[in-house]
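Observations on the three-dimensional arrangement
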Amino acid sequence: MFEWEKQIQFIVDEIDRCIQNHHDDTLTLRVLSGKLGYSEYYTTRKFREISGMSFREYLRSRKLAFALKEVRDTQKNILDIALDYGFSSHEAFTHALKAVYGVTPSAYRRNPKPVVLRTKLHPFDRYLLGWEEIGMIQSTSDIKIYFITIPAHKFLHIRNYESNGYWDFWQRQNQIPGQDYETVCGLLDSIKGKLDDTGGSEANCGSGQIMAYINDPNGRLCDWGIPRIECYGVRLPADYQGEIPEQMCLTDIPEAEYIVFEHGPFDYEQENRTVEERIEQAMASFDYEQTEYRLDKTSGRIMYFHYNPAQYFKYIRPVRRISQPTAQDN
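Conventions we followed
- Residues numbered from 1 in each chain as written.
- Predicted model: local features only at pLDDT ≥ 70, side-chain atom pairs only at ≥ 80, totals over all residues.
- Heavy atoms only, no water.
- Helix = DSSP H or I, 4+ residues; strand = E, 2+ residues; numbered from the N terminus.
- Buried < 20%, exposed > 50% of the residue type's maximum accessible area, 1.4 Å probe, protein only.
- Contact = heavy atoms within 4.5 Å.
- Polar contact = N/O pair within 3.5 Å; in protein donor to acceptor, adjacent residues only side chain to side chain.
- Salt bridge = Lys/Arg side-chain N within 4 Å of Asp/Glu carboxyl O.
- pLDDT = per-residue confidence, 0-100.
- Phe/Tyr/Trp six-rings, centres within 6.5 Å; stacked < 30°, edge-to-face > 60°.
- Lys NZ or Arg CZ within 6 Å of the ring centre and 35° of its normal.
- Pairing = 2+ DSSP bridges.
- Expected span 1.5 Å × (residues − 1).
- Bend = angle between axes of the 7 residues up to and from the residue.
- Axes fitted to C-alpha atoms, helices over the stretch in contact; angles between N-to-C directions.
- Parallel < 35°, antiparallel > 145°, perpendicular 65-115°, else oblique.

**With respect to the environment of Asn160**
Turning to its location among the elements, Asn160 is positioned in strand E2 (residues 153-160). Asn160 sits in the buried class, given a relative accessible area of 8%. A C-alpha to C-alpha distance of 6.1 Å links Asn160 and Ile229, two positions 69 residues apart in sequence. When near neighbours in sequence (up to four residues on either side) are disregarded, Asn160 contacts Phe169, Arg172, Gln173, Ile229 and Glu230. A polar contact of 2.8 Å, which involves the side chain of Asn160, links it to the backbone nitrogen of Glu162.

Listed below in structure tokens is the structure:
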């Protein structure tokens, strides 16, 4: 099964790459199974076994997700979008969207309400599955440490008071109806105007979705001795006025100062745990006495966790200047 999870991940990656580049000629089961050296029948069976859906169903749902985001984010002619993503006509595209998302393209462009888009499958994501790294290589990238001021914004998210870490967070969330990984990530992917969205198609990897930790006296005690709750969501402009999914919270985050611990690109399959440990060690050993800042443990302050192996792995932790005392000073 391990080997086939890796093979299906290859197909999933190819599907997204081909959709983005509009290479429909290579988006056939015959071509993709041929690259793996297996028959179409055997590949189809394994794809359904691992993903829970047929190849055709997954391909169609991903095309619809890409197309709907283009309807949302551009003023491109809807017929052109339909043809770009393999639909034969405006009517066929409209019928497909209405059947899956309950909305027509023109209505969605006028009012892009949250819908559960089909996010990319991750059958071989070691991080999401809680697997250890292979450990064959080690990045030589240093940890960059710097202070920044982040402007006021909003944070749209779900939260869990009991979880401990990304993998545990989703294990718990997947037990809550309407707050599972696919539903939450699909809804967040459909939100327009995300501040961290770089156009990527994967959750927590370019699509603007990030993990966060909010200082909260009702939260569990973290490794740094701060009560916190774990959250997952997207940062939005301070003036965001869009619809809020019923299972999510929208919090105003005021302008504030932060310290960033950042590692550059790395191979997540082979060195994810090593990079994470290096950042944690850097955070634990950082000497705030040599700066004019202190870690801010004030209730309500937020810490962001950005994870995108192709670009960076970084924690953004709240700080305050020494001249700004709080009731929770060290």
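Moving on from the model shown.
**Some thoughts on the pattern of salt bridges**
Taken as a whole and assessed by the stated rule, the structure comprises 20 salt bridges. The salt bridge partner of Lys69 is Asp189, with a shortest N-O separation of 3.2 Å. With Lys69 in helix H4 (residues 55-73) and Asp189 in helix H10 (residues 181-189), the pair connects residues that are 120 residues apart, well separated along the chain. The exposure class of Asp189 is buried, given its relative accessible area of 2%. Several salt bridges share partner residues, and in doing so they unite Glu14, Arg17 and Lys35 into one network.

**As for the confidence of the model for the protein chain**
Should pLDDT be low for a region, the predicted coordinates there are not to be read in detail. For the protein chain, per-residue confidence averages 86 on the pLDDT scale, and residues scoring 70 or more make up 88% of the total. When the criterion is pLDDT under 50, residues 131-137 qualifies, and its contacts beyond four places in sequence or with other chains add up to 22 contacts.

**Considerations on unusual backbone geometry**
The phi dihedral of His22 falls on the positive side, at around 55°, and the residue is not glycine. Mapping His22 onto the fold places it in the loop between helix H1 (2-21) and helix H2 (29-36). Given a relative accessible area of 35%, His22 falls into the partly exposed group.

**Let's talk about the packing of aromatic side chains**
As enumerated under the stated definition, the model contains 20 aromatic pairs in all. Where Phe147 meets Tyr293, the ring centres are 4.1 Å apart and the plane angle is 15°; that geometry is what we call stacked. Of the two residues, Phe147 is situated in strand E1 (residues 144-150) and Tyr293 in strand E9 (residues 293-295); the sequence distance between them amounts to 146 residues. For Phe147, a relative accessible area of 29% gives the class partly exposed. We classify Tyr293 as buried; its relative accessible area is 9%. On the basis of an interplanar angle of 90° and a centroid distance of 5.1 Å, the ring pair of Phe169 and Trp170 is categorised as edge-to-face. Take Phe169 and Trp170: they sit in the same class, and that class is buried. One aromatic cluster in this structure is built from Phe147, Phe261, Phe286, Tyr288 and Tyr293. Positioned above the aromatic ring of Phe66 is the side chain of Lys69, whose terminal nitrogen or guanidinium carbon lies 5.7 Å from the ring centre. For the cation-ring pair, Arg235 lies above Tyr304, with the distance from its terminal atom to the ring centre recorded as 5.8 Å.

**Re the pairing of strand E6 (residues 227-237)**
Looking down a regular strand, the side chains alternate between one sheet face and the other. Buried residues dominate E6, accounting for 9 of its 11 residues. Examined bridge by bridge, E2 and E6 share 8 bridges and lie antiparallel to one another. Its bridge partner lying in E6, Ile158 is registered against Tyr232. As paired elements, strand E5 (residues 209-221) and E6 share 9 bridges and run antiparallel to each other.

**Considerations on the pairing of strand E10 (residues 302-308)**
Of all 7 residues in E10, 7 are buried; the element is thus mostly enclosed. Across 4 bridges, E5 lies against E10 in antiparallel orientation. By the bridge assignment, Ile214 is partnered in E10 with Ile302. As paired strands, E10 and strand E11 (residues 312-321) are joined by 5 bridges and run antiparallel to one another. Within E11, the residue paired with Phe305 across the bridge is Tyr315. Hairpin connection between E10 and E11: a loop of 3 residues separates the two successive antiparallel strands.

**Let's talk about helix H11 (residues 268-285)**
An ideal rise of 1.5 Å per residue puts 26 Å on 18 residues; H11 measures up with 24 Å between its terminal C-alpha atoms. Along its length, H11 reaches its greatest deviation from straightness, about 25°, at Thr274. For H11, the set of buried residues is Glu269, Gln270, Glu271, Asn272, Thr274, Val275, Glu276, Ile279, Ala282 and Met283.

**Thoughts on the packing of H2 against helix H3 (residues 40-51)**
Relative orientation of the contacting elements H2 and H3 amounts to 90°, with a least axis distance of 9 Å. When the axis of H2 is compared with that of H3, the two are roughly perpendicular. Each of Leu29, Arg30 and Ser33 in H2 lies in contact with H3, whose residues at this interface are Glu40, Thr43 and Thr44.

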